Amino acid sequence: MAKAAESSGEPGTTSPRPLMRDLKAVGKKFMHVLYPRKSNTLLRDWDLWGPLILCVTLALMLQRSSVDSEKDGGPQFAEVFVIVWFGAVTITLNSKLLGGNISFFQSLCVLGYCILPLTVAMLVCRLVLLAEQGPINFMVRLFVVIVMFTWSIVASTAFLADSQPPNRKALAIYPVFLFYFVISWMILTFTPQ
Amino acid sequence: MAAADELAFHEFEEASNLLAETPDAVTTSGSGQLTPQGHVAVAVDSGGSYGAEEEVEESDKTALLQEKQQPGFWTFGYYQSFFDVDTCQVLDRIRGSLLPRPGHNFVRHRLRNRPDLYGPFWICATLAFVLAVTGNLTLVLAQRRDPSIHYSPQFHKVTVAGITIYCYVWLVPLALWGFLQWRKRVRERVGPYTFLETVCVYGYSLFVFIPTVVLWLIPVPWLQWLFGALALALSAASLVFTLWPVVREDTRLVAAVLLSTVVLLHALLATGCKFYFFQPLPLEPLAPPPQATSLPLNLLPPPTPRSQVT
């Protein structure tokens, strides 16, 4: 770390390189998502690196290894991307139109980071699918996806709920529920060829 | 106070019935006839427990609000005016579409001429995803009964469902509104609904299909048709009762053709969804495979004696 600091061009500076600083910020936000408390960290210094990393990871893991996947109809890489980003933008617009006082990018940041539990669920599902298929396999995957889905909803609600007036909270939270439900469905129906 | 409330409530119910029957007495956003109808419309809006002095305040407030110019369509505030609903209002509108009653016009009684885009948009999104998910689930359950059926996530069906439903909820009301506007010019009569009110009616009328689609998971064909017919009846009734006051002043032929077209399009949507997402699967899957496997067995024995002979 010290060598990196010295090679930043100015001798004697102790500031870390921007990449490490950003990675640390992303990691800190991951921790905030995994242990959701009512804190403002995600909202105050939002960034979109974390959501991008998570979205790309999820889209890559949802790829099937078969050649005829375009006919078989698992979600393509682009489809996952479009669903995640288009969904997040739509929910943000909805929240702002209902009168919420959260900024556009803050909301995108929160929704993107709260995909972390579902990405973990995808990882676990892929590992579980390496074992033999069967009803127990499916039950384990279903349980993991349900738990992670609930975790995502709780995490995003903890951050987003306060930005809406109380008589419209449910209207703003329902699309978030639908969004994570669709992603969970994509994860649960994933079958490698 | 309670007596005044009850009196006020009865007045509003009669007045709103009157409003429903005489479309040209309705306040649209640009109209200048505010005071008696405006105050009735607003007071009915907020749930009926007003005292006398509050009515006057509300009418003043609405007068002020409606005199203020609508923001231009390029501003964010313009679109925000279509999402100006609370949770309880949305739930109330959904309940209104689920239980259509002949005297009660959805636009006048539930929307109170304040259409919203939240309901139609998210009901359509939910319906599209629920269709895709339950269609997929049907395939999974069918595959459990008959392992020869090839299972695939069929993700493209989400796209198809989404496009179909959104097009239906935007294009059909556009056509209907256009038609009613044209007839309005021919008949020189005020009163058809605005485009957004029509979209709102269609959007909320699709809500009843969401639980129906979930119930279509039950693999009993006649039950599926029964649920479909019930949902179609409720949904089409809601549409017809809403359109009837506008259309009944027209000639009988036009009214009959319009209403039957509306119902027919709705029925087409329902049956199209049923067939595309819930393809009827063969109930006797064991019949074909034994025939397929018996043919090779018949072919095998003849070559062996020949090879033995040679």
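Note that the structure is predicted; figures quoted are calculated from it, not measured.

S.K.: Can you explain the overall build of chain B? Please cite residues and give values.
M.R.: Per the secondary structure count, chain B includes 14 helices and zero strands. If you list the helices and strands of chain B from N to C, you get α-α-α-α-α-α-α-α-α-α-α-α-α-α. Surface summary for chain B: the accessible area is close to 17100 Å², and the carbon and sulfur share equals 68%.

S.K.: Summarise the overall build of chain A; cite the residues concerned and give the values.
M.R.: Counting its secondary structure elements, chain A contains ten helices and zero strands. Shown N-terminal to C-terminal, the secondary structure of chain A runs as helices and strands in the order α-α-α-α-α-α-α-α-α-α. The contacts of chain A with a sequence gap of at least 6 include a subset with a gap of at least 24, amounting to 72%. Accessible surface computed for chain A: about 9800 Å², of which carbon and sulfur atoms make up 71%.

S.K.: Explain the packing of helix H11 (residues 221-247) of chain B against helix H12 (residues 252-277) of chain B to me, and be specific about the residues and the numbers.
M.R.: Residues and elements named next belong to chain B. Where H11 contacts H12, the two axes come as close as 10 Å, and the packing angle between them is 150°. Here H11 lies roughly antiparallel to H12, going by the angle between them. Classified by chirality, the crossing of H12 by H11 is right-handed. Across the interface between the two elements, Gln 224, Trp 225, Leu 232, Ser 235, Ala 236, Leu 239, Val 240, Leu 243, Trp 244 and Val 247 from H11 touch Ala 255, Leu 258, Leu 259, Val 262, Val 263, His 266, Ala 267, Ala 270, Thr 271, Lys 274 and Phe 275 from H12. Residues that form the contact of H11 with H12 fall into these classes: 16 nonpolar, four polar and one charged.

S.K.: Now, about the UniProt feature "transmembrane region" (unreviewed entry) in chain A: what can you tell me, with residues and values included?
M.R.: Residues and elements named next belong to chain A. Those residues carrying the UniProt feature "transmembrane region" (unreviewed entry) are residues 48-65, 77-98, 104-131, 138-160 and 172-191 in this numbering. Segment residues 77-98 splits into 95% helix and 0% strand. End C-alpha atoms: 32 Å apart. Between the C-alpha atoms that bound residues 104-131 the distance is 42 Å, and the span itself is 82% helix and 0% strand.

S.K.: Explain the nonpolar core residue by residue, including any values.
M.R.: Tyr180(A), Ile183(A), Ile187(A), Tyr118(B), Leu206(B) and Phe209(B) are the most contacted members of the largest nonpolar core, which totals 111 residues. Looking at which element gives the most residues to this core, the answer is helix H10 (residues 169-188) of chain A, with eleven residues. Those residues within four positions of Ile187(A) in sequence are excluded, and the remaining contacts are Leu58(A), Leu62(A), Leu118(A), Met122(A), Cys125(A) and Val145(A).

S.K.: Now, about the state of the cysteines: what can you tell me, with residues and values included?
M.R.: Under the defined criterion, the tally for this structure stands at zero disulfides over all chains. No disulfide involves Cys109(A); its sulfur sits 8.7 Å from that of Cys114(A), the nearest cysteine. As a non-bridged cysteine, Cys200(B) has Cys124(B) as the owner of its nearest cysteine sulfur, 11 Å distant.

S.K.: Which residues make up the packing of aromatic side chains, and what values go with them?
M.R.: Scanning all chains against the criterion turns up 20 aromatic pairs over all chains. Each ring, one from Tyr78(B) and one from Tyr79(B), has its centre 5.1 Å from the other, and the planes form 85°; the classification is edge-to-face. A relative accessible area of 36% places Tyr79(B) in the partly exposed class. Taken together through their ring pairs, the aromatic side chains of Phe149(A), Tyr174(A), Phe177(A) and Phe181(A) make up a single cluster. Lys157(B) extends its terminal NZ or CZ atom over the ring of Tyr276(B), reaching a point 4.8 Å from the ring centre. Here the basic side chain of Lys274(B) rests over the ring of Trp216(B), its NZ or CZ set 5.9 Å away from the ring centre.

S.K.: Tell me about the confidence of the model for chain B, and name the residues and values.
M.R.: All names here are of chain B. The share of residues in chain B with pLDDT of 70 or more is 64%, and the mean pLDDT across the chain is 72. Taken element by element, the predicted model of chain B shows its lowest mean pLDDT in helix H2 (residues 35-45) (40) and its highest in helix H10 (residues 209-215) (92). Low pLDDT, under 50, characterises residues 1-6; the stretch is placed with four contacts to residues that sit more than four places away or in other chains. Under a pLDDT of 50 for its full length, residues 20-56 has, in the predicted model, 47 contacts with residues more than four places off or in other chains.

S.K.: Pulling in residues and values, what's your account of the UniProt feature "transmembrane region" (unreviewed entry) in chain B?
M.R.: All names here are of chain B. Mapped onto the present numbering, the UniProt feature "transmembrane region" (unreviewed entry) falls at residues 117-140, 160-180, 201-219, 225-246 and 253-277. As annotated, residues 117-140 has a helix share of 96% and a strand share of 0%, and its two end C-alpha atoms lie 35 Å apart. Helix and strand shares over residues 201-219 are 63% and 0% respectively, and the end C-alpha atoms of the span are 31 Å apart.

S.K.: Pulling in residues and values, what's your account of the pattern of salt bridges?
M.R.: Going through the model one piece at a time under the given rule, you end up with five salt bridges over all chains. One salt bridge in this structure joins Asp86(B) and Arg168(A), with 3.0 Å as the shortest N-O distance. Of the two residues, Asp86(B) sits in the loop between helix H4 (76-80) and helix H5 (87-98) while Arg168(A) sits in the loop between helix H9 (135-160) and H10, which places them in two different chains. Residue Asp86(B) shares its accessibility class with Arg168(A), and that shared class is buried. The salt bridge partner of Asp116(B) is Arg93(B), with a shortest N-O separation of 2.6 Å.

S.K.: Could you give me a rundown of helix H8 (residues 116-128) of chain A, with the residues and numbers involved?
M.R.: Residue and element names in this part refer to chain A. With 13 residues, H8 extends 18 Å between its outermost C-alpha atoms, agreeing within 8% with the 18 Å of an ideal straight helix rising 1.5 Å per residue. Those residues of H8 lying buried are Leu 116, Pro 117, Leu 118, Thr 119, Ala 121, Met 122, Cys 125 and Val 128. Packing partners of the buried residues in H8 comprise helix H2 (18-34), helix H4 (49-61), helix H7 (104-113), H9 and H10.

S.K.: Give a detailed account of the interface of chain A and chain B, specifying residues and quantitative values.
M.R.: Tallying the contact residues gives 30 residues for chain A and 25 residues for chain B. With both chains or domains summed, chain A and chain B bury close to 2500 Å², and 66% of this area falls on carbon and sulfur atoms. Ranking the residues of chain A by area buried against chain B places Leu97(A), Leu171(A) and Trp185(A) at the top, with a combined share of 26%. At the junction of chain A and chain B, the tally comes to two salt bridges. The partner of Asp84(B) in a salt bridge is Arg168(A), with the nearest N and O atoms 2.8 Å apart.

S.K.: Account for the environment of Thr198(B), with residues named and values stated.
M.R.: All names here are of chain B. Its place among the elements puts Thr 198 in helix H9 (residues 195-205). On the basis of relative accessible area, Thr 198 is assigned to the buried category, the value being 6%. A C-alpha to C-alpha distance of 8.0 Å links Thr 198 and Leu 176, two positions 22 residues apart in sequence. Those residues in contact with Thr 198 that sit more than four places away from it in its chain are Pro 173, Leu 176, Trp 177 and Tyr 193.

Thresholds, definitions, all that
- Residues numbered from 1 in each chain as written.
- Chains lettered and ligands numbered in written order.
- Predicted model: local features only at pLDDT ≥ 70, side-chain atom pairs only at ≥ 80, totals over all residues.
- Heavy atoms only, no water.
- Helix = DSSP H or I, 4+ residues; strand = E, 2+ residues; numbered from the N terminus.
- Areas by Shrake-Rupley, 256 points an atom, 1.4 Å probe, with all protein chains shown as cover.
- Contact = heavy atoms within 4.5 Å.
- Axes fitted to C-alpha atoms, helices over the stretch in contact; angles between N-to-C directions.
- Parallel < 35°, antiparallel > 145°, perpendicular 65-115°, else oblique.
- Left-handed = near helix turned anticlockwise from the far one by under 90°.
- Nonpolar A, V, L, I, M, F, W, Y, C, P; charged D, E, K, R; others polar.
- UniProt positions renumbered as here; feature names shortened; annotations may be inferred.
- Core = buried A, V, L, I, M, F, W, Y, C linked by side-chain atoms within 4.5 Å.
- Buried < 20%, exposed > 50% of the residue type's maximum accessible area, 1.4 Å probe, protein only.
- Disulfide = S-S within 2.5 Å.
- Phe/Tyr/Trp six-rings, centres within 6.5 Å; stacked < 30°, edge-to-face > 60°.
- Lys NZ or Arg CZ within 6 Å of the ring centre and 35° of its normal.
- pLDDT = per-residue confidence, 0-100.
- Salt bridge = Lys/Arg side-chain N within 4 Å of Asp/Glu carboxyl O.
- Expected span 1.5 Å × (residues − 1).
- Buried area = accessible area lost by both parts, 1.4 Å probe.

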